[in-house]
Amino acid sequence: MSTESADPAAIDDERAPFRYTSALGNEIEQRWQDWWEEHGTFHTPNPVGDLADPTHPNADGEKLFVLDMFPYPSGEGLHVGHPLGYTGTDVYCRYQRMAGRNVLYTMGYDAFGLPAEQYAVETGQHPAITTEAAVATYRRQLRRLGMSYDPRRSIETIDPAYYRWTQWIFGRIHDSWYDPEATRHDGGSGSARPIAELIAEFESGERETFDGRSWSSLNKAERADIVDGYRLAYVADAPVNWCPGLGTVVANEEVTADGRSDRGNFPVFKRNMRQWMMRITAYADRLLEDLDRLDWTDSLKTMQRNWIGRSPGARIDFESPAGDITVFTTRPDTLFGATFLVLAPEHPLVPDLTTSQMAAQVVQYRRDVAGFAEAERTAGDRQKTGVFTGSYATNPATGKDIPIWVADYVLMGYGTGAIMAVPCGDERDFEFATVYGLDIPAIQEPPDEWFERQGIDPTLDTRRWRTAFVGDAPYVNSANHDISLDGLTSVDDGIRIVNEWLENNGFGEATVNYKLRDWLFSRQRYWGEPFPIVWDRDGIAHLLPDEMLPLTLPDTDSFAPRTFDPDDEESNPESPLDRLTDWVNVTLDLGDGRGPQPYRRETNVMPQWAGSCWYELRYLDPTNTERFVDPEVERYWMGPLTDVRPDHPGGVDLYVGGVEHAVLHLLYSRFWHKVLYDLGHVSSAEPYSRLFNQGDVQAPAFKDEREIWVPARDVVEEADGSYTYTAPDGSVKPVTKQWGRMGKSKKNGIAPETFYEEYDADTLRLHLMASGPLDAARPWETRDVVGMFRFLQRVWRNVLDETTGECRVVDVEPDAETQRVMHRTIDGVRADMEALRFNTAIAKLIEFNNHITKLDATPREAAEALVLLLSPIAPHVGEELWRKLGHDGTIAYARLPEADPALLVDDTVEYPVQVNGKVRTRITVAADADRDAVEAAALADQRLVQLLDGVTPTKVIVVPGKMINVVV
RNA sequence: GGGCGAGUGGCGGAAUGGCAGACGCGCUGGCUUCAGGUGCCAGUGAGGGCAACCUCGUGGGGGUUCAAGUCCCCCCUCGCCCA
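Being a predicted model, the structure only gives us computed values, none of them experimental.

(A) Region of interest: the overall build of chain A. When helices and strands are tallied, chain A shows 29 helices and 33 strands. Expressed as a percentage of its 968 residues, the buried residues of chain A come to 54%. Summing over all exposed atoms, chain A offers an accessible surface of approximately 42,400 Å²; the carbon and sulfur share of this is 48%. Treating the 97 positive side-chain charges of chain A as one cloud and the 155 negative ones as another, the clouds have centres 1 Å apart.

The structure is reproduced here in structure tokens:
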């Protein structure tokens with residue numbers, strides 16, 4: 001830089017030294033952020049305990065608990081997409097504080113888990129160090145955005161003082177069982193109960209073991225096995241998702257549709273392994289039913305319903321040479337049409353059923369399909385494949401022998417892994433039967449319209465059908481010596497009759513199948529909560545007593561997991577904690593009367609989701625060392641609001657986050673909360689009564705020729721509109737542009753810091769809130785931001801003199817028009833803020849400010865209303881102008897202005913006058929004119945008389961306050 | 001394939017069935033300035049007209065209504081979720 005051009009800022013300084021500039025904005029912001037911290041401005045009082053404060057200005061206000069989905073801090077720091085939801089909640093909280101409510105609002109950090117561990121492995125640093133650094137960055141960045149969090153309530157899931165209670169809750173889940181017969185304390189049926197009550201029932205003989213053996217005849221291990229079969233957290237050999245590339249097993253929810261891990265995109269293999277599970281399936285019905293009590297979007301509820309996947313149907317046993325084959329079907333009424341069985345290739349009975357003639361083919365088939373993902377296997381457009389086992393089963397309804405096939409369109413993970421195939425009533429079975437020439441008897445007589453749509457004449461000869469028929473239609477060929485469905489027309493009736501017959505004859509029973517599986521809860525990783533579990537020499541698991549918590553994660557340099565060739569299905573997981581033999585092998589007195597005993601610690605750790613299952617509860621009472629949350633504090637913040645709705649479940653008043661957590665976090669968290677509720681630890685039946693999904697911020701992202709994302713900040717647009725990327729080695733290559741959600745994976749994040757050079761945090765907040773409704777995705781365009789900066793400058797100029805810095809408001813009554821604009825603004829902005837419509841609230845504030853700009857001087861009343869209403873969105877400017885207007889302290893608890901209803905209506909109303917629906921003229925009449933007077937005034941209008949040209953209107957419609965339509 | 005949601009200026013978006021395009025960006029012109037930038041003022045859906053005004057216009061097609069971006073039916077495109 002040379003002297004040839006003057007510093008542009010210097011010119012402004014001369015002429016307007018007190019103009020609102022980026023430099024001034026940044027100075028004000030950091031000053032107020034320090035002030036808030038020093039004064040504990042956003043400390044929120046609890047009703048009792050350490051955090052109680054009856055002197056707080058809003059201590060007696062109505063409570064409001066607002067929650068953000070807390071972030072998983074990555075080494076990259078925040079990008080400008082993150083604060084979209086966070087700013088929305090902050091604006092809402094600041095607004096509600098000014099409306100007098102006692103607002104609980106804070107932020108925590110979800111810091112255990114795979115990405116942190118992977119980052120640590122890559123950089124060779126301990127995850128505790130990299131994670132703490134990332135958390136510190138997030139804290140600094142969020143503070144810089146002016147978030148009004150109560151800093152005392154922040155938590156980190158990796159803090160032993162926090163995960164002590166994660167382990168404690170695990171213990172409560174481990175030490176309970178689900179009794180579907182129990183009457184819950186709220187009167188509902190089905191409840192978690194302490195496992196001790198179950199053991200007592202076995203001991204007293206009140207409850208029998210499954211196989212009828214007497215409790216007293218069993219040894220310890222046998223008893224433990226039986227009890228474990230009831231626990232809500234249990235160890236089981238179960239088909240799990242083994243991911244050699246990650247070196248760990250992962251949950252169903254973490255596997256993508258094409259059978260890969262959502263982290264790292266490695267192949268995932270189904271394998272039976274001994275793992276910790278959570279019996280979330282016990283809660284399937286309650287998780288489903290209670291969705292009706294939640295104020296969530298329908299799309300989110302639908303996603304949860306689909307994931308739970310409740311299908312009523314029946315279990316039916318088919319006799320076979322290898323014993324009974326149990327199938328699950330949603331259409332037991334079609335049993336008469338079942339002409340073959342199909343087993344999943346992994347079904348355990350397949351080897352026993354395969355005859356020696358078919359053995360080679362079956363073995364080959366099972367090998368062939370092993371590599372296919374579930375999604376590929378069930379894809380609708382794929383040619384069905386399968387192989388005959390050589391064996392036959394008996395259809396209990398028809399008594400006929402039907403062939404048993406193996407085919408990969410049947411999945412081991414759904415139902416029983418075996419189906420009865422009804423080719424005339426199921427499209428997949430129809431297709432399969434057609435390919436292999438199997439019998440397709442008709443059991444329903446489809447209506448004529450169905451045949452018409454198929455383009456064929458009505459017939460029961462299914463060889464001429466093009467597809468299966470599904471729906472209500474009269475049954476045919478559906479009778480045996482006991483029952484007959486023939487002639488019935490309702491599927492519901494058919495199902496009921498067959499189910500009764502199955503039960504009466506011992507062939508099966510009505511049952512409900514769920515897509516939801518139990519939650520795989522252990523991971524063979526280092527960076528997670530250790531299980532508070534030790535194993536004794538008999539292989540029995542023992543829960544550590546509460547006073548041994550927290551069980552801290554042992555420090556080690558060898559935290560890297562053992563990973564494998566991603567395709568090495570035969571590899572076996574190894575936990576990093578296994579290597580720490582000094583930690584693993586311990587002698588402990590568990591206080592169970594057995595004295596010190598040698599144990600082996602559980603070496604799996606909990607999955608990333610554990611810490612987020614209950615964090616909102618810890619925010620309530622973060623300093624409590626006696627309990628995870630004080631019951632009175634929990635009831636105050638999260639108790640059911642039965643005055644709002646009799647079936648209100650309680651929980652967080654507003655939860656804001658991305659839709660990507662629709663089935664993972666939100667399902668797990670609800671499950672934990674319900675267990676705590678059943679056991680009487682919380683008063684709320686649901687954790688989040690209202691949930692709002694904020695949209696994404698989209699940004700340009702760039703891919704090179706290999707379809708790999710390249711950092712967007714190193715891409716430039718060429719003169720011809722194409723894009724090129726300059727790699728760190730200096731090479732330049734062409735790339736293609738796409739829009740995508742801002743984030744690490746697409747390498748298109750824009751850091752908020754880049755923003756403070758030209759603008760400031762209040763401008764960013766305004767821009768994020770103004771650029772669209774909170775739930776809409778929006779593209780990021782940095783050049784659009786200047787509009788909100790200009791707006792702040794104009795507000796500033798309306799309150800302060802740019803040359804002197806002095807307040808320039810005048811103490812005179814605003815004129816009548818200004819009063820009306822002001823009160824309409826107050827009314828409109830308040831309504832918009834209540835409804836989270838910040839974009840339209842900002843538009844109204846801009847209009848009001850533009851009105852003030854046109855006045856010769858700014859009336860104090862108008863300036864104060866403007867600053868108060870603006871301050872939730874632009875809090876730093878709000879505070880600064882509030883001071884300049886002569887007020888002490890903070891604006892955070894100043895009361896919002898009230899709209900005077902009398903000033904919301906005008907004296908006169910301008911009516912558009914339509915002729916046949918098209919606006920042709922306008923008239924102005926008194927606001928209190930009645931319908932007839934308005935009509936008369938319209939018909940007397942010169943222009944209308946001219947337009948009508950003597951024609952008498954057939955009808956005149958007057959919509960009071962809105963418009964007039966003259967029909968001719 | 002199924003479910004849900006969305007299609008409005010050059011762009012982001014606004015509109016209890018009642019004046020389509022609020023507000024912002026961009027663009028055009030003007031003022032300030034030696035100049036650039038900032039700032040300020042005005043204009044800005046398309047087409048026609050000297051003008052007052054007129055015609056068209058919310059993905060496409062139909063319908064309900066005095067009146068449809070909004071409600072109903074069919075179709076197209078995009079997004080998300082589940083297969």
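(B) Quick look at the sheet that holds strand 2 (residues 102-104). Pairing is parallel in the open sheet, where four strands are placed in the order 2-1-20-21. In this open sheet, the two edge strands, each paired with only one partner strand, are strand 2 and strand 21 (691-693). With direction set aside, neighbouring strand axes in the sheet form an average angle of 20 degrees. Two elements, strand 20 (residues 654-657) and strand 21, share three bridges in a ladder whose sense is parallel. For Tyr655, the partnering residue across the bridge sits in strand 21 and is Leu691.

(C) Structural context of the protein's contact with RNA strand B. Around RNA strand B, the structure places 41 residues, and the nearest of them are Lys515, Ser771, Asp784, Arg790 and Arg922. When the atoms of RNA strand B within 4 Å of the protein are grouped by moiety, sugar and phosphate amount to 70% of the total. Interatomic distance of 2.7 Å between a backbone N/O atom of Ser771 and a sugar or linking oxygen of RNA strand B. Between a sugar or linking oxygen of RNA strand B and a side-chain N or O atom of Glu847, the distance comes to 3.1 Å. Secondary-structure elements contributing two or more residues to the surface near RNA strand B are helix 1 (8-15), helix 10 (298-308), helix 23 (786-799), helix 25 (838-853), strand 30 (908-915), strand 31 (918-926), strand 32 (955-959) and strand 33 (963-967).

(D) Focus on the packing of aromatic side chains. Taken as a whole and assessed by the stated rule, the structure comprises 45 aromatic pairs. Seen in terms of ring centroids, Phe112 and Trp527 are 5.0 Å apart; in terms of plane orientation they differ by 70 degrees. Their pairing is edge-to-face. Here the residue Phe112 occupies a position in the loop between strand 2 and helix 4 (114-123), and Trp527 occupies one in the loop between strand 15 (519-520) and strand 16 (533-535), the gap between them amounting to 415 residues. Taking relative accessible area as the criterion, Trp527 reaches 6% and is therefore assigned buried. On the numbers, 5.7 Å between centres and 70 degrees between planes, the contact of Trp165 with Trp168 is edge-to-face. Here Trp165 and its partner Trp168 are both found in helix 6 (residues 160-174), three residues apart, which amounts to about one turn of the helix. Across this residue pair, the class does not change: Trp165 and Trp168 are buried. Grouping aromatic residues by their ring pairs yields a cluster made of Phe170, Trp276, Trp519, Phe521, Phe531, Trp535, Trp609, Tyr668 and Trp672. Cation over ring: Arg144 sits above Tyr756, and NZ or CZ is 4.3 Å from the ring centre.

(E) Representation of unusual backbone geometry in the model. Geometrically, the link from Leu549 to Pro550 is a cis peptide bond, its omega value of 0 degrees lying close to zero. Its place among the elements puts Pro550 in the loop between strand 17 (541-543) and helix 17 (581-584). Residues other than glycine seldom take positive phi values, yet Asn477 does so here, at roughly 50 degrees. For Asn477, the location among the structural elements is in the loop between helix 15 (448-454) and helix 16 (491-505).

(F) Spatial organisation of the pattern of salt bridges. Per the counting criterion, the structure on display carries 51 salt bridges. A salt bridge links Arg797 to Glu802, with the nearest nitrogen and oxygen atoms 2.9 Å apart. A residue is classified by how much of its surface remains accessible, and Arg797, at 31% relative accessible area, is partly exposed. Its relative accessible area of 11% is what places Glu802 among the buried residues. It is possible to trace a salt-bridge network through shared partners that takes in Asp179, Arg193, Glu197, Glu201 and Arg207.

(G) The nonpolar core, seen in detail. Among the nonpolar cores identified, the biggest contains 154 residues, and Phe170, Trp519, Phe521, Tyr615, Phe628 and Trp672 are the most heavily contacted of them. With sequence-adjacent residues up to four places away left out, Trp672 is seen in contact with Thr166, Ile169, Ile173, Met278, Trp519, Phe521, Ala610, Cys613 and Trp614. Membership of the second largest hydrophobic core comes to 58 residues, among which are Leu341, Val342, Met358 and Ile483.

(H) A look at the packing of helix 3 (residues 83-98) against helix 22 (residues 761-770). One way to put it is that helix 3 packs onto helix 22 with a least axis distance of 10 Å and a crossing angle of 100 degrees. When the interaxial angle is binned, helix 3 and helix 22 end up roughly perpendicular. Where helix 3 approaches helix 22, its residues Pro83, Leu84, Thr87, Gly88, Asp90, Val91 and Arg94 are matched on the opposing element by Arg765, Leu768 and Met769. The residue makeup of the contact of helix 3 with helix 22, split by class, is five nonpolar, two polar and three charged.

(I) Geometry of the sheet that holds strand 10 (residues 340-343). On the basis of which strands lie adjacent, the open sheet formed by four strands has the order 11-12-10-13 and mixed pairing. Every other strand in the sheet has two partners, leaving strand 11 (386-394) and strand 13 (418-421) as the edge strands with one partner each. For this sheet, the mean angle separating the axes of adjacent strands, direction not counted, is 25 degrees. In the sheet, strand 11 pairs with strand 12 (residues 401-407) via six bridges, with the strands oriented antiparallel. What sits directly across from Tyr392, in strand 12, is Pro403. Strands in contact with helix 12 (residues 359-369) are strand 11 and strand 12; relative to strand 11, the strand with the most contacts, it is inclined by about 120 degrees.

(J) Looking closely at helix 25. The end-to-end C-alpha distance of helix 25, which contains 16 residues, comes to 22 Å, matching closely the 22 Å that a straight helix rising 1.5 Å per residue would cover. Tucked inside the fold, the buried residues of helix 25 contact helix 3, helix 22, helix 23, helix 24 (816-834), strand 29 (858-859) and helix 26 (860-870).

(K) Spotlight on the domain arrangement of chain A. Partitioning chain A into domains gives domain 1 (1-39 + 781-903), domain 2 (40-169 + 612-693), domain 3 (177-284 + 518-601), domain 4 (310-514) and domain 5 (906-967). Centre-to-centre separation of domain 2 and domain 5, based on C-alpha positions: 56 Å.

(L) Structural view of the side chain of Arg778. The residue Arg778 is located in strand 27 (residues 778-779) in this model. Within the local environment of Arg778, its side chain forms a polar contact with the backbone oxygen of Leu768, the two atoms lying 2.9 Å apart. Reaching out from Arg778, the side chain makes a polar contact with the backbone oxygen of Ala776 at a distance of 3.1 Å.

What counts and how
- Going along each chain's sequence as written, the residues are numbered from 1 onward.
- Here every chain gets a letter starting at A, and every ligand a number starting at 1, in the order they are written.
- Since the coordinates come from a predicted model, pLDDT governs what is reported: local features require at least 70, and pairs of side-chain atoms require 80 or more to be given and counted, while whole-chain, interface and lining totals use all residues.
- To obtain the side-chain values, all non-hydrogen atoms of the structure were included, while hydrogens and water were left out.
- Strands are runs of DSSP state E lasting at least two residues, helices are runs of H or I lasting at least four, and both sets are numbered from the N terminus onward.
- Buried, partly exposed and exposed residues are distinguished by accessible area as a fraction of the type maximum, computed with a 1.4 Å probe on protein chains only: under 20%, between the cut-offs, and over 50%, respectively.
- Only the protein chains shown count as cover for residues, with accessible areas throughout obtained via the Shrake-Rupley method and a probe of 1.4 Å.
- When charges are counted, Lys and Arg are positive and Asp and Glu negative, with His and the chain ends excluded.
- To locate a charge, the coordinates of NZ of Lys, CZ of Arg, CG of Asp or CD of Glu are taken.
- At least two bridges found by DSSP between two strands is the condition for calling them paired.
- Simply put, an axis is a line fit to the C-alpha atoms, just over the touching stretch for a helix, and the angle between two N-to-C directions goes from 0 to 180 degrees.
- Residues are counted as near a molecule or strand when any one of their heavy atoms sits within 4 Å of it.
- Under this definition, polar contacts are N or O atom pairs within 3.5 Å; protein pairs additionally need one hydrogen-donor-capable and one acceptor-capable atom, and for neighbouring residues in sequence, both atoms have to be side-chain atoms.
- By convention, a stacked pair of Phe, Tyr or Trp rings (six-membered ring in the case of Trp) has centres within 6.5 Å and planes under 30 degrees apart, an edge-to-face pair has planes over 60 apart, and any other such pair is tilted.
- By the criterion adopted, a ring carries a charge over it if an Arg CZ or a Lys NZ lies within 6 Å of its centre and within 35 degrees of its normal.
- Salt bridges are defined by distance alone: a side-chain nitrogen of Lys or Arg within 4 Å of a carboxyl oxygen of Asp or Glu.
- To form a nonpolar core, buried Ala, Val, Leu, Ile, Met, Phe, Trp, Tyr and Cys residues must be joined to one another through side-chain atoms within 4.5 Å.
- Any two residues whose heavy atoms approach within 4.5 Å at even a single point are treated as in contact.
- In these notes the angle categories are as follows: under 35 degrees is roughly parallel, over 145 is roughly antiparallel, 65 to 115 is roughly perpendicular, and the rest is oblique.
- Under this grouping Gly is polar, as are all residues other than the nonpolar Ala, Val, Leu, Ile, Met, Phe, Trp, Tyr, Cys and Pro and the charged Asp, Glu, Lys and Arg.
- Multiply 1.5 Å by the residue count of a helix minus one, and that product is the helix's expected span.
- Per the annotation, domain bounds derive from an automatic or database assignment of domains.

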